[in-house]
Number of protein chains: 2
Amino acid sequence: MPPMHRAKAAPARSGLTAFEREVIEHFVEISRALGQPRSLAEIYGLLFISPRPLAMDDLIERLQISKGSASQGLRFLREIGAVRPVELDGDRRVHYEAVAELRRLAGRFLSDQLAPRVAGNERRLARLAERVGELPETHRKHAEARLTMLQSWHRNTRRILPLVIKLLGD
Amino acid sequence: MPPMHRAKAAPARSGLTAFEREVIEHFVEISRALGQPRSLAEIYGLLFISPRPLAMDDLIERLQISKGSASQGLRFLREIGAVRPVELDGDRRVHYEAVAELRRLAGRFLSDQLAPRVAGNERRLARLAERVGELPETHRKHAEARLTMLQSWHRNTRRILPLVIKLLGD
DNA sequence: CCAATGGTTCAATCCAAAATGAACAAATTA
DNA sequence: TAATTTGTTCATTTTGGATTGAACCATTGG
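(A) Quick look at the protein's contact with DNA strand D. For DNA strand D, the set of nearby residues contains 19 residues, the closest of which are Ser39 of chain A together with Lys67, Ser71, Arg92 and Val94 of chain B. For DNA strand D, the backbone portion of the atoms within 4 Å of the protein, that is sugar and phosphate, comes to 60%. Ser69 of chain A places a side-chain nitrogen or oxygen 3.1 Å from a phosphate oxygen of DNA strand D. Between Ser71 of chain B and DNA strand D, the recorded distance is 2.8 Å, taken from a side-chain N or O atom to a phosphate oxygen. If you tally residues by element for the surface near DNA strand D, the top one is helix α4 (residues 67–79) of chain B, at six residues. In the surface near DNA strand D, the residues fall into four nonpolar, eight polar and seven charged.

(B) Geometry of the domain arrangement of chain A. Residues and elements named next belong to chain A. Structurally, chain A comprises domain 1 (18–98) and domain 2 (102–168). The interface of domain 1 with domain 2 comprises eight residues on the first partner and five residues on the second. Where domain 1 abuts domain 2, roughly 580 Å² becomes buried across the two surfaces, and 59% of that area is made up of carbon and sulfur atoms. The largest share of the area that domain 1 buries against domain 2 comes from Leu34, Ile80 and Gly81, three residues that together contribute 54% of it. Between the two partners, domain 1 and domain 2, sit zero salt bridges. Taken together, domain 1 and domain 2 are joined by one residue pair in polar contact (both at pLDDT 80 or more). Grouping the constituent residues of the side of domain 1 that touches domain 2 by class yields five nonpolar, two polar and one charged.

Rules and cut-offs
Residues numbered from 1 in each chain as written. Chains lettered and ligands numbered in written order. Predicted model: local features only at pLDDT ≥ 70, side-chain atom pairs only at ≥ 80, totals over all residues. Heavy atoms only, no water. Near = heavy atom within 4 Å. Polar contact = N/O pair within 3.5 Å; in protein donor to acceptor, adjacent residues only side chain to side chain. Helix = DSSP H or I, 4+ residues; strand = E, 2+ residues; numbered from the N terminus. Nonpolar A, V, L, I, M, F, W, Y, C, P; charged D, E, K, R; others polar. Domains from an automatic or database assignment. Contact = heavy atoms within 4.5 Å. Buried area = accessible area lost by both parts, 1.4 Å probe. Salt bridge = Lys/Arg side-chain N within 4 Å of Asp/Glu carboxyl O.

Encoded structure:
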């Protein structure tokens, strides 16, 4: 069969405007700093800048991501309250719009992602406090001092987190 | 030369006490939240709990990490001021001790790791503000509203960062 | 009832960041 | 000077989290 000159590619250039791409890039950068996967940021970013709710299909097509990524990404964003499902009549597909209140977003993120870690740290510090007594005399004093420091740092963190939430959402 | 029966293995079980391991684990958890590689946290953690400065050799042996990791890790920690080189007489190797002032640590981390990103975001927002005018009438209004939001979020962030630093180091 | 559509799940794959270790350089000691 | 010690660099390898896509389920419509 002659090669034909190809339908192979049509790399499907993204169907995103330059403006949209840049807005999305903004969210990608932020999500990196928060240690979240890129596809989440892409989905949220596109919904954020879109003037009307989008269905999963739209996200797959415009962002060129897989069904799996789209489905999982939307689930996560729904769970943390960053995205809200919307029913559009005449279409059985669920559409989504971005929740854009920073206070709510930050609060959810902190309580869902950070709080569990903070709790884990707290437990570990408690364990350490118990065991510091069993240490050989030589190192005990130093270990106790360091442990006190860790506890103080931890208290600082706990104190500041709620404050940050409050300040963010004004 | 006959093989001699060797010093091949002795897998060198970690030479870390349970207590040390747990302290190190604490730092590993924290560094994860900050998106830093595990080996950094291990190095800092061991130095933090060690009552006296350690040489690179010690870190390699006790943490079972490679020379490369140790060297690069120490370089990074030195750069952000988390670790301080110490000269011990009678030993030409450089030893290191942990810098344990939280204020300094947090400040450095924020200004080295976060500030550049924040600056990047700022530039991007400026570009977006320029281009929003060229948008087709239909979407312009919505895009402008969203952009205003992004700018406000950004201002919030800038406002809060220095405050967090101040509050952390009391 | 069957076919088509919308959506989820999860094992396999991909990939970027981290870790390794060999090669190298510089300082030290014998 | 040669041999050893201390440390850095960087090309390769490893690894874990992100992404994919095939298999599957549920609902709707013909």
